[in-house]
Amino acid sequence: MNQEVMSLLADADKVLIGIGESFERKDEELNTEKFKQQEKENPLLAGFERLEYWKNNPKDDVIEAYNRLFELVEQKDFFVVTTCMDDRIYKSRFPEDKIAAPCGTWRYLQCSNLCTEDLLEVSDEMIQKKEMIYCPHCQKRVSFNQVTCEHYNEKGYLAGWAAYRNWLQQTINKKLCIIELGVGMKYPTIIRWPFEKIAYCNNKASFIRVHDYLYQMTEELGHKGIGINANPIDFLREQ
């Protein structure tokens, strides 16, 4: 591990972790015209196909990276904010009550019309049957509880977000180390820009940014941290 990174982490009272789209699972094998057409015509059934593929073709490199990251911060007071929706972080050692995932999940279904805030947990039986499911209240189709929904049900992440906001209030006047991994410009208002503001406002903050190409620090934060030009998953796994 980069010695400066280790020193910043060791000196911190609290650690704020941002996980970006570089960690999102990408499956080129599913990028066929047939599957893309199914996603347009029936995204629910296509989602079940995707989840079945993930189950039969696990990729553990990201989970390994998450676990390595956990080992680096487990003795600290930390919190994780992620824009990933592939749910692999929940298979790592990170406790769920220390994670906020505002972009949603593949683990829950919602009414596509948002007639109710009730969520339905995705089961192995649903994935195996691959049948249409309808909202028990309005009989509209259900969809996966993700930010890409036309009527996104935010209830699924609000408890985690409230926990994050409460934790963040406790970082005032503390040595806060912010480590941002693989965060690009897909959802900059969730991690990238807010994290920069947090670091700017906290005189005791340090900032570590790891990305394949968007690793540069802003001029205002240059004296507080370091930008590392590296694949963030490999960066963690190689330590």
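To keep things clear, this report deals only with the structure shown in the data block. This one's a predicted model, so the numbers in the text were calculated from it and none came from an experiment.

## Thoughts on the overall build of the protein chain
Along its length, the protein chain carries eight helices and nine strands. Relative to the 2.2 N^0.38 estimate, which gives 18 Å for 239 residues, the radius of gyration of the protein chain is 19 Å and therefore close to what a compact globule would have. Its C-alpha atoms put the protein chain at 55 × 35 × 30 Å along the principal axes. Of the contacts formed within the protein chain by residues at least 6 apart in sequence, a portion of 67% connects residues at least 24 apart. Accessible surface, the protein chain: about 12500 Å² in total, of which carbon and sulfur atoms supply 47%. Averaging the coordinates of the 31 positive side-chain charges in the protein chain and doing the same for the 38 negative ones gives two points 3 Å apart.

## Looking at the state of the cysteines
Going through the model one piece at a time under the given rule, you end up with zero disulfides. There is no disulfide at Cys135, and the cysteine sulfur nearest it, in Cys115, is 3.6 Å away. Lacking any disulfide linkage, Cys138 is separated from the closest cysteine sulfur, that of Cys111, by 3.5 Å.

## Remarks on the sheet that holds strand 4 (residues 104-111)
On the basis of which strands lie adjacent, the open sheet formed by three strands has the order 5-4-6 and antiparallel pairing. The open sheet terminates on both sides in strands that have one partner only, identified here as strand 5 (120-121) and strand 6 (142-146). Summarising the sheet, strand 4 and strand 5 pair through two bridges and their orientation is antiparallel. Bridge pairing links Leu109 to Leu120 in strand 5. Packing against the sheet, helix 3 (residues 43-56) makes contact with strand 4 and strand 6, and its axis sits at approximately 55 degrees to strand 6.

## Quick word on the pattern of salt bridges
What the rule picks out here adds up to 19 salt bridges. The partner of Asp61 in a salt bridge is Arg88, with the nearest N and O atoms 4.0 Å apart. Taken together, the positions of Asp61 in helix 4 (residues 61-73) and Arg88 in the loop between strand 2 (77-82) and strand 3 (99-100) put the pair 27 residues apart, joining distant regions of the chain. A salt bridge links Glu71 to Arg93; the nearest nitrogen and oxygen atoms lie 3.8 Å apart. Of this pair, Glu71 sits in helix 4 while Arg93 sits in the loop between strand 2 and strand 3, and the two are 22 residues apart along the sequence. Glu71 gets classed as partly exposed once you look at its relative accessible area, which sits at 39%. Under the relative-accessibility criterion, Arg93 is labelled partly exposed at 42%.

## Quick look at the packing of aromatic side chains
With the rule as written, the count across this model stands at 12 aromatic pairs. Between the aromatic rings of Phe48 and Phe144, the centroid separation amounts to 5.7 Å while the plane-to-plane angle is 80 degrees, which identifies the pairing as edge-to-face. Of the two residues, Phe48 sits in helix 3 while Phe144 sits in strand 6, which places them 96 residues apart along the sequence. Like Phe144, Phe48 is buried. Here Tyr152 and Tyr157 contribute two aromatic rings whose centre-to-centre distance is 6.1 Å and whose plane-to-plane angle is 15 degrees, an arrangement assigned as stacked. Look at Tyr152 and you get buried, because its relative accessible area is 14%. Among the aromatic residues, those joined into a ring-pair cluster are Phe79, Tyr152, Tyr157, Trp161, Tyr164 and Trp167.

## A few points about the side chain of Ser143
Note that Ser143 resides in strand 6. Excluding residues within four positions of it along the chain, Ser143 makes contact with Tyr108, Leu109, Gln110, Ser112 and Cys149.

## Some details on unusual backbone geometry
Notably, Gln139 is not glycine yet its phi reads approximately 70 degrees, a positive angle. Inspection of the secondary structure assignment puts Gln139 in the loop between helix 5 (124-129) and strand 6. Here the phi dihedral of Asn173 falls at roughly 65 degrees; this positive angle occurs in a residue that is not glycine. By the secondary structure assignment, Asn173 is in the loop between helix 6 (155-169) and strand 7 (176-181).

Quick notes on the rules
- Residues numbered from 1 in each chain as written.
- Predicted model: local features only at pLDDT ≥ 70, side-chain atom pairs only at ≥ 80, totals over all residues.
- Heavy atoms only, no water.
- Helix = DSSP H or I, 4+ residues; strand = E, 2+ residues; numbered from the N terminus.
- Rg over C-alpha atoms; globule rule 2.2 N^0.38 Å.
- Contact = heavy atoms within 4.5 Å.
- Areas by Shrake-Rupley, 256 points an atom, 1.4 Å probe, with all protein chains shown as cover.
- Lys, Arg positive; Asp, Glu negative; His and termini not counted.
- Charge placed at Lys NZ, Arg CZ, Asp CG, Glu CD.
- Disulfide = S-S within 2.5 Å.
- Pairing = 2+ DSSP bridges.
- Axes fitted to C-alpha atoms, helices over the stretch in contact; angles between N-to-C directions.
- Salt bridge = Lys/Arg side-chain N within 4 Å of Asp/Glu carboxyl O.
- Buried < 20%, exposed > 50% of the residue type's maximum accessible area, 1.4 Å probe, protein only.
- Phe/Tyr/Trp six-rings, centres within 6.5 Å; stacked < 30°, edge-to-face > 60°.

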